[in-house]
Amino acid sequence: MTLLACPACDLLHEVPDLAPGRRARCRRCDTVIVSGQRVSLDRTLAMAVAVTVLIFFALFFPFLSISELGLSNSATLIEIALVFMSGWTAPLTIAVALTIVGIPFLRAAILVYALGPIRFGYPIPDKAAQAFRLSQALRPWAMAEIFFLGSAVALVKIIDLAHVGFGAAFWAFCAATLIIAFERNTTDSAAIWSLIDDME
Amino acid sequence: MVPDRRYGVTAREAGLVACHRCELVSEKDLQRCPRCNARLRSRKPQSLQRVWAWWIAGFLAYIPANLYPMLTTRQLGRESADTIIGGVIVLIEYGSVGIALIIFVASVVVPMSKFLVIALLALSIMRPSRLSQKARIHLHEVIEFVGRWSMVDVFVVALLAALVQLGAAAEVNPGPAAICFALSVAFTMLSAQAFDPRLIWDTLPAKSKMEKQA
Ligand SMILES: [Zn+2]
Ligand SMILES: [Zn+2]
């Protein structure tokens, strides 16, 4: 039995230990209190490592390129953020860099930092819980998947006007986004908290 | 205020407080969560004031976001500047109805509904509401989930401006509306986050309130 409060209405519930896959909802407002997902330490860690490597790799290669009438141009993710650098859109450069690569990278890196030692039998870092709390707080600001939708829209807009080429960074970012989306739908933050709890 | 006891007691009524970050339930006297060290608060502090402050900031930023151009295009010597709506109209003229719809929903429908829904939720705490409590919880969930997708148009501008730099042949540059729009999205996300859904349940529906007064 665990004592839990509904995150949407604060109603207290005594939740019994549920079988994997079983959800528990709030009696009063129907909000999911226990999502029933189990965390596989190995899988979560492997995905987090893959995301950090893919995003880091993506920084140094062209994302997309276009050519038309003998002229051509390509852009890396950093160059995409830098388009706002001149004039009063300058702060957007930092915002775009953070939301598309900075925060998704940091969130994956925090998972590696917090769960890596557990997996290999080392003591958990002192700041693991605080780092994971930061990762949860930053969750709405990680916008890799929204940038991905943006890429699709931009592609449709220019594909008739010019020849478009996909760079190595495009595929790396594509893979990272898919892994992040998969992780969001299969990993339960409550289960990660209990992993951290068990180690402390 | 009458506590609603039909379903049991809340953490606050039991002298407990649930951490807003990691959901661990602790005694209410604790300052910080023993698990994640977040400040423990039973309800988000000054929730409604912060909701309205971010709401107003977001609304003020949304006005220039629609008046100034999102991007300027120079193609073979001709220069044109497109606002959000202007860009949607151009897309429809070129026959890209699907893309026009994505941009219209993300940049107009979602932000507008967000302003409406957040205002409605905040007002429903200040005075009796005809919407059921469950319906309001769902509205808040939906708005928190979709709000961030509005950013898509800013990313489209970034990609186009970074790619289409073909000198005299074609050149796309971001306009001032891009930052106004991004700020508006960020401010309304903060407004929705500042709203504490627990407030919806802290008072009973209007009927029971009258019973108490009688
Ligand atoms: Zn509830
Ligand atoms: Zn906590």
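Predicted, not measured: the structure shown is a model, and the values here were computed from it. (Residues numbered from 1 in each chain as written. Chains lettered and ligands numbered in written order. Predicted model: local features only at pLDDT ≥ 70, side-chain atom pairs only at ≥ 80, totals over all residues. Heavy atoms only, no water.)

With respect to the overall build of chain A
Here is step 1 of the chain: When you go through chain A residue by residue, the secondary structure sums to seven helices and seven strands.
Here is step 2 of the chain: Counting helices and strands in the order they occur from the N terminus, chain A gives β-β-β-β-α-β-β-α-α-α-α-β-α-α.
Here is step 3 of the chain: With the C-alpha coordinates aligned to their principal axes, the bounding extent of chain A is approximately 70 × 40 × 35 Å.
Here is step 4 of the chain: Taking the intrachain contacts of chain A between residues at least 6 apart in sequence as the baseline, contacts between residues at least 24 apart amount to 61%.
Here is step 5 of the chain: Just so you have it, chain A exposes about 9300 Å², and 65% of that area is on carbon and sulfur atoms.
Here is step 6 of the chain: Positive and negative charge centroids in chain A, built from 14 and 15 side chains respectively, lie 5 Å apart. (Helix = DSSP H or I, 4+ residues; strand = E, 2+ residues; numbered from the N terminus. Contact = heavy atoms within 4.5 Å. Areas by Shrake-Rupley, 256 points an atom, 1.4 Å probe, with all protein chains shown as cover. Lys, Arg positive; Asp, Glu negative; His and termini not counted. Charge placed at Lys NZ, Arg CZ, Asp CG, Glu CD.)

Observations regarding the environment of Arg22 of chain A
Residue and element names in this part refer to chain A.
Here is step 1 of the chain: Inspection of the secondary structure assignment puts Arg22 in the loop between β2 (12–15) and β3 (24–25).
Here is step 2 of the chain: Using a relative accessible area of 52% as the deciding quantity, one classes Arg22 as exposed.
Here is step 3 of the chain: As for Arg22 and Val34, which are separated by twelve residues in sequence, their C-alpha atoms are 8.1 Å apart.
Here is step 4 of the chain: If sequence neighbours within four positions are ignored, Arg22 has contacts with Val34, Ser35 and Gly36. (Buried < 20%, exposed > 50% of the residue type's maximum accessible area, 1.4 Å probe, protein only.)

A word on the interface of chain B and chain A
In many analyses, interface size is given as the accessible surface area lost on bringing the parts together.
Here is step 1 of the chain: Counting residues at the interface gives 58 residues for chain B and 59 residues for chain A.
Here is step 2 of the chain: Taken together, both faces of the contact between chain B and chain A bury some 5400 Å²; the carbon and sulfur share is 73%.
Here is step 3 of the chain: By the criterion of area lost to chain A, the three top residues of chain B are Arg148, Phe155 and Leu163 of chain B, representing 13% of everything that side buries.
Here is step 4 of the chain: Here chain B is connected to chain A by three salt bridges.
Here is step 5 of the chain: For Arg43 of chain B, the salt bridge goes to Asp10 of chain A, with nearest N and O atoms at 2.9 Å.
Here is step 6 of the chain: Our count for the chain B to chain A interface comes out at 15 residue pairs in polar contact (both at pLDDT 80 or more).
Here is step 7 of the chain: Mapped by element, the contributors of at least two residues to the side of chain B that touches chain A are β1 (16–18), α3 (97–126), α4 (133–146), α5 (152–163), α6 (177–194) and α7 (198–201) of chain B.
Here is step 8 of the chain: Of the residues forming the side of chain B that touches chain A, the biggest block, eleven residues, is contributed by α5 of chain B.
Here is step 9 of the chain: A class-by-class count of the residues in the side of chain B that touches chain A yields 41 nonpolar, seven polar and ten charged. (Buried area = accessible area lost by both parts, 1.4 Å probe. Salt bridge = Lys/Arg side-chain N within 4 Å of Asp/Glu carboxyl O. Polar contact = N/O pair within 3.5 Å; in protein donor to acceptor, adjacent residues only side chain to side chain. Nonpolar A, V, L, I, M, F, W, Y, C, P; charged D, E, K, R; others polar.)

Topic: the domain arrangement of chain B
Here is step 1 of the chain: If you check the domain split of chain B, you get domain 1 (1–42) and domain 2 (45–213).
Here is step 2 of the chain: The C-alpha-based centres of domain 1 of chain B and domain 2 of chain B are spaced at 32 Å. (Domains from an automatic or database assignment.)

Observations concerning unusual backbone geometry
Here is step 1 of the chain: One non-glycine residue, Asp30 of chain A, lies in positive phi territory at about 75°.
Here is step 2 of the chain: Its place among the elements puts Asp30 of chain A in the loop between β3 and β4 (32–34).
Here is step 3 of the chain: The class of Asp30 of chain A is partly exposed, set by a relative accessible area of 31%.
Here is step 4 of the chain: One non-glycine residue with positive phi stands out, namely Asn37 of chain B, at about 70°.
Here is step 5 of the chain: Looking at the secondary structure, you find Asn37 of chain B in the loop between β2 (25–27) and α1 (47–67).
Here is step 6 of the chain: A relative accessible area of 30% means that Asn37 of chain B is categorised as partly exposed.

What about helix α4 (residues 128–137) of chain A?
Residue and element names in this part refer to chain A.
Here is step 1 of the chain: Among the residues making up α4, those that are buried are Ala128, Ala129, Ala131, Phe132, Ser135 and Gln136. In an axial view of α4, the angular spread of the buried residues amounts to 160°, which keeps them on one side of the axis.
Here is step 2 of the chain: Where α4 is buried, its residues contact α3 (90–119) and α7 (189–199). (Arc of directions from axis to C-beta.)

Brief notes about the coordination of the zinc ion (ligand 1)
For a metal with four donors in a tetrahedral arrangement, the ideal angle between donors is 109.5 degrees, while six donors in an octahedron ideally sit at 90 or 180 degrees.
Residues and elements named next belong to chain A.
Here is step 1 of the chain: For the zinc ion (ligand 1), the full set of protein donor atoms is Cys6 (SG), Cys9 (SG), Cys26 (SG) and Cys29 (SG), at a range of 2.2 to 2.4 Å.
Here is step 2 of the chain: Each of the four donor atoms bound to the zinc ion (ligand 1) contributes to angles spanning 102 to 116°, and the resulting shape is tetrahedral.
Here is step 3 of the chain: Sequence spacing of the donors to the zinc ion (ligand 1): C-x2-C-x16-C-x2-C. (Donors = N, O, S within 2.8 Å, 3.2 Å for Na, K, Ca; no water. Tetrahedral: all angles 85-135°; square planar, octahedral: opposite > 155°, others 65-115°.)

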